Amino acid sequence: HAIDVAASWTPLPGWTWGAELSHRSGRTDRDFSQFPSPITHMEAYRTLRFTMSYDITDGVRVFGRVENVFNKNYDDPLGFQAPRVGAYAGVRLSL
């Protein structure tokens, strides 16, 4: 099962803040690093993302986000480890 809850807020003109909480329930997967590949149980996990953007002008927006705020170590799927906490930023230009 997967549940995502997101919210955004505009505290001042041009500013947008947001948060997204994701939950994935435990599930089974195959461990293909072994032969024959056994069935294994993957633990449930939750991740939190924070976002922010600011409209400098009508055509220029700066934005950023922090992924995996809890710094959760998880695989999705098994063997493909998700990145730990990370921060990203950018500029969006509209013509």
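Read on for an overview of the structure. (Residues numbered from 1 in each chain as written. Predicted model: local features only at pLDDT ≥ 70, side-chain atom pairs only at ≥ 80, totals over all residues. Heavy atoms only, no water.)

1. Some thoughts on the layout of surface pockets
In this approach a probe as big as a water molecule rolls over the atoms, and the regions it shows empty are the leftover space.
Argument step 1. Estimates place the volume of the largest pocket at around 260 Å³.
Argument step 2. Contributing to the lining of the largest pocket are 17 residues, with T47, R49, E67, N68 and Y74 lying nearest its centre.
Argument step 3. Looking at the lining of the largest pocket, the elements that each hand over two or more residues are β2 (15-24), β5 (45-57) and β7 (86-93).
Argument step 4. Broken down by element, the lining of the largest pocket gets its largest block of residues, four residues, from β5. (1 Å grid on protein atoms, 1.4 Å probe; cavity = no way out; pocket = protein on both sides within 12 Å on 5 of 7 lines; lining within 4 Å. Points joined across faces, edges and corners; volume = space filled by probe spheres on them. Helix = DSSP H or I, 4+ residues; strand = E, 2+ residues; numbered from the N terminus.)

2. A look at the packing of aromatic side chains
Argument step 1. The tally for this structure, following the rule as stated, stands at two aromatic pairs.
Argument step 2. Between W15 and W17 the ring centres are 6.1 Å apart and the planes differ by 15°, which places this aromatic pair in the stacked class.
Argument step 3. Summarising the aromatic geometry, the rings of W15 and Y54 are spaced 4.6 Å apart at their centres and angled 35° between planes, so their arrangement reads as tilted. Taken together, the residues span a long stretch of sequence, with W15 in strand β2 and Y54 in strand β5 at a distance of 39 residues.
Argument step 4. By relative accessible area, which is 29% here, W15 ends up partly exposed.
Argument step 5. Three or more aromatic residues link up through ring pairs in this structure, and these residues are W15, W17 and Y54.
Argument step 6. We note R92 situated over the ring of F63; from NZ or CZ to the ring centre the distance is 4.7 Å. (Phe/Tyr/Trp six-rings, centres within 6.5 Å; stacked < 30°, edge-to-face > 60°. Buried < 20%, exposed > 50% of the residue type's maximum accessible area, 1.4 Å probe, protein only. Lys NZ or Arg CZ within 6 Å of the ring centre and 35° of its normal.)

3. A few points about the pattern of salt bridges
Argument step 1. Scanning the entire structure with this criterion turns up five salt bridges.
Argument step 2. Here R49 ties to E20 by a salt bridge, and the two come within 3.0 Å at their closest N and O atoms. One end of the pair, R49, is in strand β5; the other, E20, is in strand β2, and 29 residues separate them in sequence.
Argument step 3. Across the pair R65 and E67 runs a salt bridge, and its minimum N-O distance is 2.5 Å.
Argument step 4. Owing to a relative accessible area of 34%, R65 belongs among the partly exposed residues under this scheme.
Argument step 5. Each of E20, R49, R65 and E67 takes part in one network of salt bridges that share partners. (Salt bridge = Lys/Arg side-chain N within 4 Å of Asp/Glu carboxyl O.)

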